[in-house]
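The chain contents come next:
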Amino acid sequence: MQGEESLQVLAGKAEECFPLMEIGAGEAEASEQWDYVLVADHQTQLHLKQAQRQRDFLGHLERKGFHFKVVEDQKRVFFGIRADNRIFDLYRTLLVDPEHPDPRVQPTGSEPVPATTRIRIVSFVLNSKTAAGETFEDLVKDGVFEAKFPLHKGEKDLKRKWAQWRNMFCEQPIDEIRNYFGEKVALYFAWLGWYTYMLAPAALVGLIVFFSGFALFDASQISKEICEANDIVMCPVGDHGGGYQLLSETCTFAKLTHFFDNEGTVVFAIFMALWATVFLEIWKRQRAHVVLHWDLYGWDEDQEEMALELINSPDYELQMYQHSYLRSTVILILSLFMICLMIGMAHVLVVYRVLAAALLSNFLQQVTTAVVVTGALVHYVIIVVMTKVNKCVALKLCDFEKPRTFSERESKFTVKFFTLQFFTHFSSLIYIAFILGRINGHPGKSTRLAGLWKLEECHLSGCMMDLFVQMAIIMGLKQTLSNCMEYLWPWLAHKWRSMPAMIHSCVALEPELREWQRNYFLNPVTTFSLFDEFMEMMIQYGFTTIFVAAFPLAPLLALFSNLVEIRLDAIKMVQLQRRLVPRKANDIGTWLQVLETIGVLAVIANGMIIAFTSEFIPRVVYKYRYGPCRQGTHSTVNCLTGYVNHSLSVFYIKDFQDPIKIEGWENVTECRYRDYRNSHDYNFSEQFWFLLAIRLAFLILFEHVALCIKLIAAWFVPDVPQSVKNKVLEEKYQTLRKKMCSRSRSTDV
């Protein structure tokens, strides 16, 4: 539109055809009064059926007490929506609790309605079904409307204090975030800020454990023996035609392995179990302080949703809780099927690694390292693809379950989606940590895929190296590529969407239309916008805790990533995206149970890694049972002297089914491999079964000790601070005193 063109304002009653009455631009109402903006393509005005459906929808809203304004530009029609104050007065009346201990939460009609409350109520009404049984989403699918969004208003202070990269190390203005985006978003950033703060000590301890390996870099007896083992020939990792290798050639990898597979690993795993508990318990205390400050300590989510339903429709009938064993059975079966599919994807990765090892053996010397690296890249691609599939499946399962309310639907969706995502992200790590190299048989009688390709084995320096590399690549990619794409994609999308506005910037527009256009060209948001941020952090938390025994640098990577993530999310929400619909909350909801579940899984997984993947147990057993220091004898030599030779089994070359003489290795009669087997029949030796018993005993002991420490820490740190309990108690007391005084006065009269 040209500057001299007048604005068009919708007028008339619901039963009329809503003629457009032109008024001058100076008579337009202030843009701050509009709660929401609906957008439709200009072509819809030329189609009588679509125009009629627009009028019907607007008439439906007008009967509920809404006011409208229509402004057009060259391509679109913008409908400004404002709710009558009577709607918000009704909302206040419904939520006033006469028995509430704090009189401050009982608002009076003279108080202004917070913008977050206005947007939340208007959004709920817009998303509800009309009398014709249509929702706004149905109208969007049919092309009647294009979009709807609340307006960004007064975000400049938030941008200056929070949504800039230079504020990376500044404290977050949680109260201002709450006043602009609502409690749900504010609690997310409060939790993320506390999580990042608590990562600092975990990252420091992990760094100390990792670099303590430097002390063992040259001093480790095991590394010395490996580096000096010029006479120990290792059996081929692939098929025997792949070539032999001297154990001394793995010297560098052996030294690197001791960075994360040393005595400090056990201590660090127990520390992280305690850290996870303390982190959650203190967060619960932080949350109690915050929600009490917001007067939401006793807020009832069910009451809130029922109030919104009654505001939208006075004839609303309460939906009762229902449970169907048939639905639950079907959902359980489908969920198990999806979990099996996720495990199957891990097997696809196994097949890839086996085939890649067979193909690359003719071109590369370090076949195992190449296979591990490329396998991690393939796993990352699988994660990206399956995330979209998992979301669709979880939504379908939730729709089939028919949850009672939106909050219940969100909770059920969270559980289903996280479960599928957990197996998607961690299935390959579980395979590497607990299955890789353990079902391969032995040289001369190897387990083969389809009878052709030999299953892959762990790196010659141990399975911990494979797990470390897999963790480092996947977590590194997720923290770098994901963060880059999370910022660059919205930024590029916003620039692309804003190009039409920049091209026509020379055209004079009314300030109100310009503001509505600016909000329209921001990137759209969905109900999953905040959910996706939470899910990303939960997966990161899983990587930081579940396999931390194999990757002590995980908390450090998470710390650096979160410092960027906080500011990145802030910039997206304030500058690049349309305004999120504020939602009221007094906790992070189901995510708290997810965090507690991850904490328990972390204890189990780390205990199994130390027991079955790490060399910690074999080293300790050798030291006190087989080594020079056995039975309490004091030896002048290192107690681990001879460990390498003890941990390698012997295989005779003549026992290969089709022995081939490799050039340069004609005189080799035997080779060694990592296992505990007899040399005469290649069955498991006595040491293997003794080690297995010790491993199981350690696992049980470790998990019981770690879980006891978690329980003690949870008991020692109360969820709710005494100051919060005392304040609530005092408010209840003051309320009863006031009731008693008012009762006494009425009796005296």
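The structure we're discussing is the one just above.
What you see is a predicted model; the values in this text were computed from it and never measured.

1. So, the overall build of the protein chain
Then step 1. Of the regular secondary structure elements, the protein chain holds 23 helices and 14 strands.
Then step 2. Within the protein chain, the fraction of its 749 residues that count as buried is 49%.
Then step 3. Total accessible area on the protein chain is roughly 36500 Å²; 61% of this is exposed by carbon and sulfur atoms.

2. Considerations on the nonpolar core
Then step 1. Counting 126 residues, the largest nonpolar core has Phe181, Trp191, Tyr195 and Trp275 as the members making the most contacts within it.
Then step 2. Apart from the residues lying within four places of it in its own chain, the contact partners of tryptophan 275 are Tyr195, Met198, Leu199, Ala202, Tyr541 and Thr545.

3. Looking at the state of the cysteines
Then step 1. For the coordinates displayed, the defined rule picks out 3 disulfides.
Then step 2. A sulfur-sulfur separation of 1.9 Å characterises the disulfide bridge that pairs cysteine 235 with cysteine 671. Its S-S torsion of approximately 85° makes the covalent link between cysteine 235 and cysteine 671 right-handed. One end of the pair, cysteine 235, is in the loop between strand E7 (233–234) and strand E8 (245–246); the other, cysteine 671, is in strand E14 (residues 670–674), with 436 residues separating them in the sequence.

4. Some remarks on helix H10 (residues 264–293)
Then step 1. Across its 30 residues, H10 extends 42 Å between first and last C-alpha, which sits within 8% of the 44 Å expected from 1.5 Å per residue.
Then step 2. Positive phi shows up at aspartate 295, right after H10, with a value of about 60°.

5. Section: the pairing of strand E3 (residues 36–41)
Then step 1. Summarising burial for E3: 5 of the 6 residues are buried, a large majority.
Then step 2. Across 6 bridges, the pairing between E3 and strand E5 (residues 76–83) is antiparallel. Bridged to valine 37 within E5 is glycine 80.

6. Observations regarding the layout of surface pockets
Then step 1. Size it by volume and the second largest pocket reaches roughly 1200 Å³.
Then step 2. Of all the secondary structure elements, the ones that give two or more residues to the lining of the second largest pocket are helix H13 (367–401), helix H14 (406–434), helix H15 (463–503), helix H17 (529–545) and helix H18 (554–576).
Then step 3. The biggest single contributor to the lining of the second largest pocket is H15, with 9 residues.
Then step 4. Among the residues forming the lining of the second largest pocket, the class breakdown is 17 nonpolar, 8 polar and 10 charged.

7. Considering a nonpolar patch on the surface
Then step 1. Together, Val381, Val384, Val385 and Val389 make up a nonpolar patch on the protein surface, roughly 300 Å² of accessible area in all.
Then step 2. Within the element layout of this structure, valine 385 appears in helix H13.
Then step 3. A relative accessible area of 49% places valine 385 in the partly exposed class.

8. Here's the deal with the packing of aromatic side chains
Then step 1. Scanning the model with the defined rule gives 45 aromatic pairs in all.
Then step 2. Pairing phenylalanine 57 with phenylalanine 136 gives two aromatic rings, centres 5.7 Å apart and planes at 55°, and the pair type is tilted. Pair noted here: phenylalanine 57 is in helix H1 (residues 48–63) and phenylalanine 136 is in helix H4 (residues 136–141), with a separation of 79 residues, a long-range link. Like phenylalanine 136, phenylalanine 57 is buried.
Then step 3. Summarising the aromatic geometry, the rings of tryptophan 715 and phenylalanine 716 are spaced 6.4 Å apart at their centres and angled 55° between planes, so their arrangement reads as tilted. Phenylalanine 716 shares its class with tryptophan 715; the two are exposed.
Then step 4. Its guanidinium or amino end placed over the ring of phenylalanine 528, lysine 391 lies 4.9 Å from that ring's centre, counting from NZ or CZ.
Then step 5. Against the face of phenylalanine 690 rests arginine 625, its NZ or CZ located 4.1 Å from the ring centre.

9. A word on unusual backbone geometry
Apart from glycine, the bulk of residues carry a negative phi angle, and the bulk of peptide bonds sit in the trans form.
Then step 1. Unlike most non-glycine residues, lysine 402 shows phi in positive territory, near 55°.
Then step 2. Examined against the element boundaries, lysine 402 turns out to sit in the loop between H13 and H14.
Then step 3. A relative accessible area of 59% means that lysine 402 is categorised as exposed.
Then step 4. A positive phi is found at tyrosine 682, a non-glycine position, where the angle reads about 60°.
Then step 5. Following the sequence through the fold, tyrosine 682 ends up in the loop between E14 and helix H22 (686–716).
Then step 6. Taking relative accessible area as the criterion, tyrosine 682 reaches 7% and is therefore assigned buried.

10. Focus on the pattern of salt bridges
Then step 1. A complete count under the given rule lists 25 salt bridges for this structure.
Then step 2. The partner of glutamate 410 in a salt bridge is arginine 583, and the shortest N-O contact between them spans 2.9 Å. Separated by 173 residues along the polypeptide, glutamate 410 in helix H14 and arginine 583 in the loop between H18 and helix H19 (590–613) bring together distant segments of the chain.
Then step 3. Among the ionic contacts, a cluster of salt bridges with common partners joins Glu281, Lys284, Glu596 and Asp719.

11. A short note on the packing of helix H3 (residues 115–127) against helix H11 (residues 301–312)
Then step 1. It is at 10 Å that the axes of H3 and H11 come closest, and there the two elements cross at 60°. By the angle class used here, H3 and H11 are oblique. Handedness of the H3/H11 crossing: right-handed. In contact with Arg120, Ile121, Phe124 and Val125 of H3, H11 contributes Glu304, Leu308, Glu309, Ile311 and Asn312.
Then step 2. Its residues assigned to classes, the contact of H3 with H11 comprises 5 nonpolar, 1 polar and 3 charged.

The rules behind these values
Residues numbered from 1 in each chain as written. Predicted model: local features only at pLDDT ≥ 70, side-chain atom pairs only at ≥ 80, totals over all residues. Heavy atoms only, no water. Helix = DSSP H or I, 4+ residues; strand = E, 2+ residues; numbered from the N terminus. Buried < 20%, exposed > 50% of the residue type's maximum accessible area, 1.4 Å probe, protein only. Areas by Shrake-Rupley, 256 points an atom, 1.4 Å probe, with all protein chains shown as cover. Core = buried A, V, L, I, M, F, W, Y, C linked by side-chain atoms within 4.5 Å. Contact = heavy atoms within 4.5 Å. Disulfide = S-S within 2.5 Å. Expected span 1.5 Å × (residues − 1). Pairing = 2+ DSSP bridges. 1 Å grid on protein atoms, 1.4 Å probe; cavity = no way out; pocket = protein on both sides within 12 Å on 5 of 7 lines; lining within 4 Å. Points joined across faces, edges and corners; volume = space filled by probe spheres on them. Nonpolar A, V, L, I, M, F, W, Y, C, P; charged D, E, K, R; others polar. Patch = residues over 30% accessible without salt bridge, like charges linked within 9 Å, V, L, I, M, F, W, Y side chains within 5 Å. Salt bridge = Lys/Arg side-chain N within 4 Å of Asp/Glu carboxyl O. Phe/Tyr/Trp six-rings, centres within 6.5 Å; stacked < 30°, edge-to-face > 60°. Lys NZ or Arg CZ within 6 Å of the ring centre and 35° of its normal. Axes fitted to C-alpha atoms, helices over the stretch in contact; angles between N-to-C directions. Parallel < 35°, antiparallel > 145°, perpendicular 65-115°, else oblique. Left-handed = near helix turned anticlockwise from the far one by under 90°.

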